Amino acid sequence: TMTFPTTKLVDLNNQSHQLSSLIKKDKLNLVLFYNTNCLGCTGRAIPLAYKLSQEFSFISLIVIHSNFRPIPFTSEEVLSVFTDQKSPFEIYREERNELYTYFNCEGTPHWLLINGEGKVLHSFFGSQDGAQLKLEYAIREFQESI
């Protein structure tokens, strides 16, 4: 069973979720921790996350906006980085950065690959070419195992 913290994640419609309920048992769960104020996140990581979720049908994308300031981000602030103020996928907001800290993230963007049992297979920091290559390699490695 999955033993993730029961941190409340709030989607853009202000519905509450927990990470354990978002993990899909029959998929490779790609978790992206990011922040709106991180240019590498909005310029590279978000488009890459979307591309990977479109390219690999066995990926379930879980995008988590972590917060490092005293007040939580609003839906409008989170959506402000998208040209049409809409996201092509669901985004979950952490009030602070509990899950980010729990998974020992090194900064934003930070990627986790979690299998259906809730086991973290890989953990990567960054959005530059090196991080992108490692991420795609790990996904293809998983693909060969299914």
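For the structure, see preceding data.
All values reported here derive from a predicted model rather than from experimental measurement. (Residues numbered from 1 in each chain as written. Predicted model: local features only at pLDDT ≥ 70, side-chain atom pairs only at ≥ 80, totals over all residues. Heavy atoms only, no water.)

Trainee: Describe the overall build of the protein chain, and please don't skip the residues or the numbers.
Mentor: Looking only at helices and strands, one finds 5 helices and 7 strands in the protein chain. Taken from N to C terminus, the helices and strands of the protein chain fall in the order β-β-α-β-α-β-α-β-α-β-β-α. A compact globule built from 146 residues would reach a C-alpha radius of gyration of about 15 Å, and the protein chain, at 14 Å, matches this within 12%. In terms of its C-alpha atoms, the protein chain occupies a principal-axis envelope of roughly 40 × 35 × 25 Å. Of all 146 residues assigned to the protein chain, the portion counted as buried reaches 52%. A separation threshold of at least 6 residues defines the contact pool for the protein chain, and within that pool the share at least 24 residues apart is 67%. For the protein chain, the computed accessible surface area is about 7,600 Å², with 51% contributed by carbon and sulfur atoms. Taken as two groups, the 13 positive and 16 negative side-chain charges of the protein chain have centres that lie 1 Å from each other. (Helix = DSSP H or I, 4+ residues; strand = E, 2+ residues; numbered from the N terminus. Rg over C-alpha atoms; globule rule 2.2 N^0.38 Å. Buried < 20%, exposed > 50% of the residue type's maximum accessible area, 1.4 Å probe, protein only. Contact = heavy atoms within 4.5 Å. Areas by Shrake-Rupley, 256 points an atom, 1.4 Å probe, with all protein chains shown as cover. Lys, Arg positive; Asp, Glu negative; His and termini not counted. Charge placed at Lys NZ, Arg CZ, Asp CG, Glu CD.)

Trainee: Can you tell me about the nonpolar core, naming the residues and giving the values?
Mentor: Trp-111, Leu-135 and Ile-139 are the most contacted members of the largest nonpolar core, which has 30 residues in total. Of all elements in the fold, only strand E3 (28-34), helix H2 (39-55), strand E4 (59-65), helix H3 (75-79), strand E6 (110-114) and helix H5 (129-145) reach the threshold of two or more residues within this core. Looking at which element gives the most residues to this core, the answer is H2, with 6 residues. In this view, Leu-135 contacts Leu-30, Leu-48, Leu-52, Trp-111, Leu-113 and Phe-124; residues no more than four positions away in its chain are not counted. Counting 16 residues, the second largest nonpolar core, distinct from the first, contains Ile-23, Ile-62, Tyr-100 and Ile-114. (Core = buried A, V, L, I, M, F, W, Y, C linked by side-chain atoms within 4.5 Å.)

Trainee: So what's going on with the state of the cysteines? Residues and values would help.
Mentor: By the definition in use, this model includes 1 disulfide. Two residues, Cys-38 and Cys-41, share a disulfide whose sulfurs are 2.3 Å apart. Handedness here is read from the sign of the S-S torsion; for Cys-38 and Cys-41, about 85°, the answer is right-handed. Like Cys-41, Cys-38 is buried. In this structure Cys-105 is not part of a disulfide, and its nearest cysteine sulfur, from Cys-41, lies 11 Å away. Taking relative accessible area as the criterion, Cys-105 reaches 12% and is therefore assigned buried. (Disulfide = S-S within 2.5 Å.)

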